Amino acid sequence: MRRFRFWAIIGVLVVLGAVLVTQLRVGSDRALDPTSAGHSGSKALASVLGQYGVAVRTSTDLGSVHGRVVVTEPDAYSAEQLRELDAHADLVLMAPSARVLAALALPLGVTGERSGATAPLCGWAGAIAAATVDLPDGTLAYDGGQTCYAGALARGDRWVVLGSASLLRNDTVSRTGVAALDVNAITDDRTIGEVTWLLTGTAAQAAAAPTVWALFPDGARRAFIWLAALGGLLVLWRARRFGPVVTEPLPVVVRSAEVVEGHGRLYLRAGARERAAAALRSGAVQRLAVHLGLPRGAPVSDVVGASARSAGRSPTLVGALLGGITPRDDSGLIELATALDELEAAAGVPVAPPKGLNL
């Protein structure tokens with residue numbers, strides 16, 4: 001627990017921070033939500049309705065709604081749910097499909113689409129007061145019953161159909177005539193003082209495939225994705241930390257001469273004469289130091305002096321041999337190796353017998 005205590009605390013703080021931000025967030029970013037100030041929300045229209053004294057109540061529960069109900073997504077509900085809703089509420093349906101119209105037994109049919117500036121072309125007082133309306137692209141048109149705006153609006157005794165849910169959006173209400181049309185259609189010419197705004201919730205999933213995210217509050221899915229991404233990054237970061245080197249005996253025995261020849265061929269292929277010369281001199285210095293009784297890690301100058309006295313050679317020549325310049329070609333490298341062997345022999349370094357190397 002001590003190893004993971006820090007990351008456990010970080011994870012708890014991240015979760016608490018996400019919950020706190022969710023709780024403190026003003027309004028919602030849900031589409032057609034009357035508390036959302038985003039482009040796709042409906043807070044602007046709710047404010048206009050409030051100025052006319054209309055109380056807007058938001059709900060996702062089919063069983064609790066009554067009176068005038070704005071159904072933002074009628075196609076999200078099954079036919080049985082729609083009929084139950086119609087039994088105890090007056091409905092304002094946003095762009096219902098032919099399936100919804102048939103489920104509610106409305107005398108309407110979808111005939112096409114409308115867009116742009118459109119005149120009322122009907123005798124309904126609310127449409128005449130709203131005058132020309134700039135309809136958004138893709139607005140459905142209906143025929144049958146009392147229709148206005150070339151079918152973009154249809155009315156009955158207990159229902160109103162609008163051809164586009166975009167008519168409720170914050171970024172559309174400011175278009176010509178849209179706000180007036182919305183207010184008159186939703187409040188039945190300003191005769192209704194309370195409206196229920198029905199947003200899709202867990203009950204709406206009956207008409208679609210249910211998902212586990214319906215059990216969580218809004219934003220839980222995004223929070224889970226971010227936490228999963230953060231966890232993946234932490235795993236990648238921690239995976240880059242390697243542990244200590246683990247040694248183990250290997251089953252193959254290779255002669256030391258073969259290892260030396262293999263290293264030599266690698267040096268030859270890479271043209272690494274400087275590294276090969278350094279390896280030859282380093283090995284000779286270590287063997288001379290051990291044989292002459294010098295302490296471990298003794299400087300090269302001490303090894304040069306002791307080797308010169310033991311071999312009876314000039315310290316200058318021995319120093320050039322153990323720490324001189326790098327040979328220019330392969331023949332010079334061979335001459336260096338031969339000279340080092342001769343120095344070791346003159347100093348009395350015994351020749352080690354060949355032995356195998358476990359690999």
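Rules behind the numbers
- Residues numbered from 1 in each chain as written.
- Predicted model: local features only at pLDDT ≥ 70, side-chain atom pairs only at ≥ 80, totals over all residues.
- Heavy atoms only, no water.
- Salt bridge = Lys/Arg side-chain N within 4 Å of Asp/Glu carboxyl O.
- Helix = DSSP H or I, 4+ residues; strand = E, 2+ residues; numbered from the N terminus.
- Pairing = 2+ DSSP bridges.
- Axes fitted to C-alpha atoms, helices over the stretch in contact; angles between N-to-C directions.
- Contact = heavy atoms within 4.5 Å.
- Core = buried A, V, L, I, M, F, W, Y, C linked by side-chain atoms within 4.5 Å.
- Buried < 20%, exposed > 50% of the residue type's maximum accessible area, 1.4 Å probe, protein only.

Student: Just give me the short version of the pattern of salt bridges, but keep the residues and values in it.
Tutor: All chains considered together, the criterion is met by eight salt bridges. Note that Asp188 and Arg155 form a salt bridge whose closest N and O atoms lie 3.3 Å from each other. On the criterion of sequence distance, the pair formed by Asp188 in the loop between helix 7 (178–187) and strand 9 (194–198) and Arg155 in strand 7 (residues 153–155) is long-range, its members being 33 residues apart. Three or more residues are tied together by salt bridges with common partners; here these are Asp86, Asp90 and Arg158.

Student: Which residues make up the sheet that holds strand 3 (residues 89–94), and what values go with them?
Tutor: The strand order 1-9-2-3-8-7-6 describes an open sheet built from seven strands, whose pairing is mixed. Two strands lie at the open edges of the sheet, namely strand 1 (55–59) and strand 6 (146–148), each paired on one side alone. Mean inter-strand twist for the sheet, computed between neighbouring axes without regard to direction, equals 20 degrees. Taken together, the five bridges between strand 1 and strand 9 define a ladder with parallel strand orientation. Bridging across to strand 9, Arg57 finds its partner in Thr196. Taken strand by strand, helix 3 (residues 79–87) contacts strand 2 (67–71), strand 3 and strand 9, and its axis lies near 130 degrees from that of strand 3.

Student: Describe the nonpolar core, listing the residues and the values that go with them.
Tutor: One broad trend across soluble globular proteins is that nonpolar side chains are buried collectively. One finds Leu45, Trp124, Tyr149, Leu153, Leu168, Ile186 and Trp197 to be the most contacted residues of the largest nonpolar core, which totals 31 residues. Elements with a contribution of two residues or more to this core: helix 2 (43–51), strand 3, helix 5 (125–130), strand 5 (133–143), strand 8 (159–162), helix 7 and strand 9. Top contributing element to this core by residue count: helix 7, with five residues. When residues no more than four places from it in sequence are discounted, the contact partners of Leu45 are Leu168, Asn170, Val173, Asp182, Val183, Ile186 and Trp197. Core analysis: the second largest hydrophobic core is formed by 23 residues, Leu85, Ala89, Leu104 and Leu198 among them.

Don't take any of this as a statement about function, it's just geometry.
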